[in-house]
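Coordinate inspection notes
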Amino acid sequence: MQSDDDAVFRALADASRRELLDRLHAESGQTLGELCRGLAMTRQAVTKHLAILEEANLVSWKRQGREKLHFINPVPIAAIAERWIRKFEQPALDALSELKQRLERPGGDS
C-alpha cells in the first residue's frame, strides 16, 4: 500500500500534472474541457492525469448539472511542506537571528 506522501510526490513528479494544478490554482472549479484548452495532450490523457491527482487527494470534484467541476486541494502539499521544508528552515532562521544579535552588540562580532 502506498503512503499518502508517496502518492503526492508521484503526482507532483509529472510536469503535466503540475500544469493542471497551476491551472486549478489560478481558477478552481474548471471542467475537463476548460482544463484541456490550450494543452498539447488529449482529453483522455488529461483525464488520466486528473485521476492520479484525485488519488493523491490533490484534486477533488463535484457535479454541477451535467458538468464535473475540478477543484485544487492544497492540504496535502501543505502537509509535505510542513514535514519536509519548514523543519529545515528553523535552524537557518535561528542562525540568522543569532548572527543579527551578535552584529548588533557593541563591539560587533564578540
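Up top you'll find the structure we're talking about.
Described in the following lines is the structure provided in the data block. (Residues numbered from 1 in each chain as written. Predicted model: local features only at pLDDT ≥ 70, side-chain atom pairs only at ≥ 80, totals over all residues. Heavy atoms only, no water.)

The next point concerns the pattern of salt bridges. Counting across every chain of the model gives five salt bridges. Two residues, arginine 83 and aspartate 5, come together in a salt bridge whose shortest N-O distance is 2.7 Å. In this pair, arginine 83 is assigned in helix H5 (residues 75-104) and aspartate 5 in helix H1 (residues 4-12), connecting sequence segments 78 residues apart. With a closest N to O distance of 2.9 Å, arginine 102 and glutamate 98 form a salt bridge. Separated by four residues within a single helix, arginine 102 and glutamate 98 lie in helix H5, roughly one turn from each other. Given a relative accessible area of 41%, glutamate 98 falls into the partly exposed group. (Salt bridge = Lys/Arg side-chain N within 4 Å of Asp/Glu carboxyl O. Helix = DSSP H or I, 4+ residues; strand = E, 2+ residues; numbered from the N terminus. Buried < 20%, exposed > 50% of the residue type's maximum accessible area, 1.4 Å probe, protein only.)

Roughly 40° is the biggest bend found in H5, and it falls at glutamate 82. Every buried residue of H5 is listed here: Pro76, Ile80 and Ala81. Where H5 is buried, its residues touch H1. (Bend = angle between axes of the 7 residues up to and from the residue. Contact = heavy atoms within 4.5 Å.)

This brings us to the nonpolar core. Membership of the largest hydrophobic core comes to 18 residues, with the highest contact counts inside it found for Leu20, Val46, Leu50, Leu53 and Leu58. Every element with two or more residues in this core is listed here: H1, helix H2 (15-26), helix H3 (32-36) and helix H4 (43-55). In terms of residue count, H4 provides more of this core than any other element does, four residues in total. If sequence neighbours within four positions are ignored, leucine 20 has contacts with Leu35, Leu39, Val46, His49, Leu50 and Leu53. (Core = buried A, V, L, I, M, F, W, Y, C linked by side-chain atoms within 4.5 Å.)

All right, on to the packing of H2 against H4 then. Where H2 meets H4, the axes come as close as 10 Å, and the angle between the chain directions of the two elements is 80°. When the interaxial angle is binned, H2 and H4 end up roughly perpendicular. Here Ser16, Arg17, Leu20 and Leu21 of H2 lie close against H4, whose contacting residues are Val46, His49, Leu50, Ile52 and Leu53. (Axes fitted to C-alpha atoms, helices over the stretch in contact; angles between N-to-C directions. Parallel < 35°, antiparallel > 145°, perpendicular 65-115°, else oblique.)

Both strand E1 (residues 59-64) and strand E2 (residues 67-72) contribute to a ladder of six bridges, which runs antiparallel. The partner of valine 59 across the bridge, within E2, is isoleucine 72. If you look at the hairpin formed by E1 and E2, you'll find two residues sitting between the two strands, and glycine 65 has a positive phi there, around 65°. (Pairing = 2+ DSSP bridges.)

Looking at where glutamine 101 falls in the secondary structure, it is placed in helix H5. Sequence-wise, glutamine 101 and alanine 81 are 20 residues apart; in three dimensions their C-alpha atoms are separated by 28 Å.

The next subject is a nonpolar patch on the surface. Together, Phe9, Trp84, Ile85 and Phe88 make up a nonpolar patch on the protein surface, roughly 420 Å² of accessible area in all. Here the element with the most residues in the nonpolar patch is H5; it accounts for three residues. For tryptophan 84, the location among the structural elements is in helix H5. For tryptophan 84, a relative accessible area of 38% corresponds to the partly exposed category. (Patch = residues over 30% accessible without salt bridge, like charges linked within 9 Å, V, L, I, M, F, W, Y side chains within 5 Å. Areas by Shrake-Rupley, 256 points an atom, 1.4 Å probe, with all protein chains shown as cover.)

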